[in-house]
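# Fold and contact review
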Amino acid sequence: MRATFPHMGNLHISLKAMLQHLGVEVVTPPSCSKKTLNLGVKYGPEFACLPMKLNLGNFLEAYEMGADTVIMAGGCGPCRFGYYAQIEHAILKDIGCNMELIVLEPPSRYIFELTGKIKQITGNKPLWQVIQAICYGYQKARALDEVEIAAFKSRPREMAAGLTDAACRKALKLIDRAISWREIVEARKIAGKTMAGIPVDKDRAVLKVGIVGEIYTLLEPFTNLNLETRLGYLGVEVDRSIYLSEWVNDHLFMGLIKGLRSRKEASIAAHPYLRHFVGGHGQETIGNAINYARAGYDGIIQVFPFTCMPEIVAETILPVVSADFGIPVMTLIVDEHTGEAGVMTRLEAFVDLLARKKEMKEAL
Ligand code: SF4
């Protein structure tokens, strides 16, 4: 088996580590690019959402590199995610890419089906080895998230433009290269020191913006046009409502690791505005926006792919949250036609608005 998987931010680093730990040969697709998108747009249905098109592009690029098996998550619930794997498989078959598809359904609903699929992937490796590999991948995911969180804080305060990006690249490479438990612990420590060593102006006044929305567009910088980095350069400290390790803790570990934000907390916060699951992360978008407002953030940006149903539901509720909590909200909808200049203009205007609002508040 030469396995591949979709790209989603830094996910490939921990997924690759986990699979290789189990002796699976991995073909990591190239990072998402215009070529990936063009492939997905060419072969995917026009009205499918952007993540589906990019994933299809990832699989086609990995196929060219020799991958023969696709491993991807499945889903259930009101949005289209639940049948994307099957559609992508049918498309691949139609265009002559004979790849096997292994869909990992959510463990909370299909635990025996999931263990069966894991056996298939790992060639029936003992359970303790699978658990060890998952923990190993998780350690990497946590280390990667720590680097990103540190970058969000230092970028708007860095003494020279680009210092954070350079430190980030170095730290991510270290984590990626670690091939044993001991090496990951060491890499995590060095990565932390690297990020903490970025020269920053601690007294610089910055704005704080919480980013909420659909998971793929939040985690994959190609889809959100490097939103977090752009905001950092505009003097904004950002926080993302979903990190990979939090998602793993919520969905795979059932919240076993304490001290991380959870889906449940966000759902409780959303309750006065949206009381039920609407698919994807729609309900969490509302809850997280409220949590950011309560934490004193200056603004909120919601980002999601064009036609994403759960986020459209959330989008209709966010103006009420904005009015009730007095916090400006901007919505950014992305698809293959989204242009960099348009996004940049909107971001600059939003940041100006937040800065003026803050100044007026401080003058009172
Ligand atoms: S959550 Fe949105 S973007 Fe993701 S599969 Fe569902 S509809 Fe598409």
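Residues numbered from 1 in each chain as written. Predicted model: local features only at pLDDT ≥ 70, side-chain atom pairs only at ≥ 80, totals over all residues.

### A closer look at the environment of glycine 75
- Summarising the element assignment, glycine 75 is placed in the loop between β3 (69-73) and α4 (81-94).
- Classification of glycine 75 by C-beta neighbours within 10 Å gives partly exposed; the count is 18.
- Counting along the chain gives 262 residues from glycine 75 to histidine 337, while the straight-line C-alpha distance between them is 27 Å.
- Apart from residues no more than four positions distant in its own chain, glycine 75 is found in contact with Phe81, Gly82 and Pro106. (Helix = DSSP H or I, 4+ residues; strand = E, 2+ residues; numbered from the N terminus. Buried ≥ 20, exposed ≤ 12 C-beta atoms within 10 Å, placed from the backbone. Contact = placed C-beta atoms within 7 Å.)

### Structural notes on the pairing of strand β8 (residues 329-334)
- Strand direction decides the pairing type here: strand β7 (residues 299-305) and β8, joined by 6 bridges, are parallel. Bridge assignment links proline 305 to a residue of β8, and that residue is valine 334.
- In terms of handedness, the path from β7 via helix α14 (residues 309-325) over to β8 forms a crossover that is right-handed. (Pairing = 2+ DSSP bridges. Right-handed = clockwise from strand over helix to strand, strands pointing away.)

### Considerations on the domain arrangement of the protein
- When the domains of the protein are assigned, the result is domain 1 (2-125), domain 2 (136-203) and domain 3 (205-364).
- Inter-centroid distance (C-alpha atoms) of domain 1 to domain 3 is 26 Å.
- Counting residues at the interface gives 21 residues for domain 1, matched by 22 residues for domain 3.
- Looking at the side of domain 1 that touches domain 3, the elements with two or more residues in it are α2 (34-43) and α3 (50-64).
- Among the elements that take part in the side of domain 1 that touches domain 3, α3 stands out by supplying 4 residues, more than any other. (Domains from an automatic or database assignment.)

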